[in-house]
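Chain by chain, the residues:
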Amino acid sequence: MKKIILIVSLFFTINLSAAEYIGNVDVSTSGCVNYKWDRYTQPQANICYDIYGIQAEYIDYYGTKYYNSGEIVKGFTSSTTYNHEGSWMYIAVDVFGVPTNQPNVTYKYKTLSAPYYENIVNNGIVNGTRYWFLYQGDSNWGNVESGNIIVKEYATEKDSLYIN
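Notes on the structure in this doc start here. A quick note: this is a predicted structure, and the numbers were derived from the prediction, not measured.

Description of unusual backbone geometry
Trans peptide bonds make up the majority, and among non-glycine residues the majority have a negative phi. Note the cis peptide between Val98 and Pro99, where omega equals -5 degrees. The topology assignment puts Pro99 in the loop between strand E5 (83-96) and strand E6 (104-107). Its identity as a non-glycine residue notwithstanding, Tyr62 has a phi of 50 degrees, on the positive side. At Asn123, a position not held by glycine, the phi torsion is positive, near 50 degrees. Relative to the elements of secondary structure, Asn123 occurs in the loop between strand E8 (113-122) and strand E9 (125-136). When its relative accessible area of 67% is taken as the criterion, Asn123 is described as exposed.

Let's talk about the sheet that holds strand E11 (residues 156-163)
Reading across from one edge, E7-E6-E10-E11 is the order of the four strands in this open sheet, with antiparallel pairing throughout. Only two strands of the sheet have a single neighbouring strand rather than two, namely strand E7 (110-111) and E11. Judged from the two bridges that link them, E6 and E7 form a sheet pairing that is antiparallel. Paired with Thr106 across the two strands is Thr111, which belongs to E7.

Quick look at the environment of Tyr135
With respect to the element layout, Tyr135 can be found in strand E9. You can call Tyr135 buried: its relative accessible area is 0%. For the pair Tyr135 and Lys108, spaced 27 residues apart in sequence, the C-alpha to C-alpha distance is 9.5 Å. Residues within four places of Tyr135 in sequence aside, it is in contact with Ser87, Trp88, Met89, Tyr107, Lys108, Lys110, Leu112, Trp141, Gly142, Asn143 and Val144. A polar side-chain atom of Tyr135 sits 3.1 Å from the main-chain carbonyl oxygen of Trp141.

A few points about the nonpolar core
If you look at the biggest cluster of nonpolar residues, it comprises 21 residues, and the most contacted ones within it are Met89, Ile91 and Ile149. Broken down by secondary-structure element, the contributors of at least two residues to this core are strand E2 (48-61), E5, E6, E9, strand E10 (147-153) and E11. Those residues within four positions of Ile149 in sequence are excluded, and the remaining contacts are Ile51, Ile54, Met89, Ile91, Val105, Thr106, Tyr107, Asp159, Ser160, Leu161 and Ile163. With six residues, the next largest nonpolar core counts Val25, Cys32, Cys48 and Phe96 among its residues.

Looking at the packing of aromatic side chains
Counted under the stated rule, the structure contains nine aromatic pairs. Ring geometry for Tyr58 versus Tyr67: centroids 5.2 Å apart, planes at 45 degrees, classification tilted. According to the relative accessible area criterion, Tyr58 is buried, its value standing at 13%. Each ring, one from Tyr107 and one from Tyr135, has its centre 4.8 Å from the other, and the planes form 85 degrees; the classification is edge-to-face. Of this pair, Tyr107 sits in strand E6 while Tyr135 sits in strand E9; the two residues are 28 residues apart in sequence, bridging distant segments of the chain. Both residues of the pair, Tyr107 and Tyr135, belong to the buried class. Taken together, the aromatic side chains of Tyr61, Tyr62 and Tyr82 make up a single cluster linked through ring pairs. Here the basic side chain of Arg130 rests over the ring of Tyr52, its NZ or CZ set 3.5 Å away from the ring centre.

Definitions and limits used
Residues numbered from 1 in each chain as written. Predicted model: local features only at pLDDT ≥ 70, side-chain atom pairs only at ≥ 80, totals over all residues. Heavy atoms only, no water. Helix = DSSP H or I, 4+ residues; strand = E, 2+ residues; numbered from the N terminus. Buried < 20%, exposed > 50% of the residue type's maximum accessible area, 1.4 Å probe, protein only. Pairing = 2+ DSSP bridges. Contact = heavy atoms within 4.5 Å. Polar contact = N/O pair within 3.5 Å; in protein donor to acceptor, adjacent residues only side chain to side chain. Core = buried A, V, L, I, M, F, W, Y, C linked by side-chain atoms within 4.5 Å. Phe/Tyr/Trp six-rings, centres within 6.5 Å; stacked < 30°, edge-to-face > 60°. Lys NZ or Arg CZ within 6 Å of the ring centre and 35° of its normal.

Structure follows, in structure tokens:
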């Protein structure tokens, strides 16, 4: 029995430490800013999910390639402006609420992992988390190209974005 408990606790320890904390961001940068709270208001659980931005290896804008370029898409934007291309893409998703649940993010029907996260802070109070999900092209799924990014809380779709 002790071995089972040790194995289960080790699994959760590895799972929780898989994402690296990379700092704080101000609440004003998020598309969920209207749901912010401070020491005078009562926090709520999982009240807002929003794709904050995406960054691909490069953006092809009228034949010119801009490397490591990002695009802010906060505010429930439904599609992007630029052609995102390359072998990788980061997708930043904001989740407001206490406790926050890491969303399930898919691109090209592939479930993505979140190697990094940031706390979203309002006047020193954590209001949520910005998760950075990574898509890496491979022989099965190919490089970054047009497709849907879908954010879900369990089975419920919360936000989506079509990229060119």
